[in-house]
Amino acid sequence: MAKAELPLILKSSLLDQFPFVVHGFGTKYFQEKEMKELSRLKNLKPVFLKQAHSDRFHFLKDDPDFLLEGDGLITSSPGLLLSVKTADCLPVLLFDPINRIVAAVHCGWRGTAARLLEKIICFLINSFNTKPENLLIVFGPCISRDCYEVGEEVRLLFNQAGFPLEGNLFRPNPEKSGHFYLDLRLANRLQLLPLGVEPEKIEEIDLCPHCHRDLLSFRRDRVRRHRLFNFIALINSD
Ligand SMILES: [Zn+2]
């Protein structure tokens, strides 16, 4: 087997400044076993979702008793390891350093069109008086626009949700009419800037799972079970 080029876990330099924030975007070599090991080592309770490509999210005070359905997890409680799984879709980690709130979000095209990320930030603003300019937001590995072909129906759905069709969001495939290349990162970025998130506080780990062998891509590998693990947690700092 070829040697892995990437480290086991990809880290954000924005989030790495905070010793009480545990976070990362796992490569394909970081699976359930490694996740369990990390939880044990840091004394964290892992929390997963039954992901549904929706705009639903949950604010957790404690470890939930059953598997919640949705695509975003938020907490201000230390000890909960929030996790979303991806295999092409965009994983997003969020941190409000003033209120000490973290979130993990799964942004596929459906959740993106439904403005999940925007809804989560509005929830933080309304519930905790979060200032968008304080937020640190990290985009993990996500299928690049060169690899992400979608049909006309996806483009129309984004349009109905108020996304601009001009610009770079949907690039037509010159060889196939009615086919477009969707820039999923941009579609999520477009939700952040109008809210007042600072561009220099958005970090992008610019890797495409479809192109990189150390990552997992649904489109490339048709993976049914295996996913990439993306996670964030607060640990007690005193
Ligand atoms: Zn690619």
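Placed above this text is the structure.
Below is a summary of the structure that appears in this document. Because the structure is a prediction, the values reported are computed rather than measured. (Residues numbered from 1 in each chain as written. Predicted model: local features only at pLDDT ≥ 70, side-chain atom pairs only at ≥ 80, totals over all residues. Heavy atoms only, no water.)

1. Here we look at the pattern of salt bridges
Opposite charge on two side chains lets them pair, provided their charged atoms get close.
(1) Moving on: Summed over all chains, the structure comprises 12 salt bridges.
(2) Moving on: A salt bridge links K33 to E34, with the shortest nitrogen-to-oxygen separation between them at 3.8 Å.
(3) Moving on: You can call K33 exposed: its relative accessible area is 66%.
(4) Moving on: For K119, the salt bridge goes to D55, with nearest N and O atoms at 2.5 Å. Residue K119 is located in helix α3 (residues 116–128), and its partner D55 is located in the loop between β4 (49–50) and β5 (57–60); the two are separated by 64 residues in the primary sequence.
(5) Moving on: A relative accessible area of 34% means that K119 is categorised as partly exposed.
(6) Moving on: Several salt bridges share partner residues, and in doing so they unite K50, R56 and E69 into one network. (Salt bridge = Lys/Arg side-chain N within 4 Å of Asp/Glu carboxyl O. Buried < 20%, exposed > 50% of the residue type's maximum accessible area, 1.4 Å probe, protein only. Helix = DSSP H or I, 4+ residues; strand = E, 2+ residues; numbered from the N terminus.)

2. Re the environment of C211
(1) Moving on: Looking at the secondary structure, you find C211 in the loop between β15 (202–204) and α6 (218–221).
(2) Moving on: A relative accessible area of 55% means that C211 is categorised as exposed.
(3) Moving on: Along the sequence, C211 and S144 sit 67 residues apart, while their C-alpha atoms lie 8.5 Å from each other.
(4) Moving on: Residues in contact with C211, not counting those within four places in the same chain, are C147 and R220. (Contact = heavy atoms within 4.5 Å.)

The values are spatial; any link to function lies outside them.
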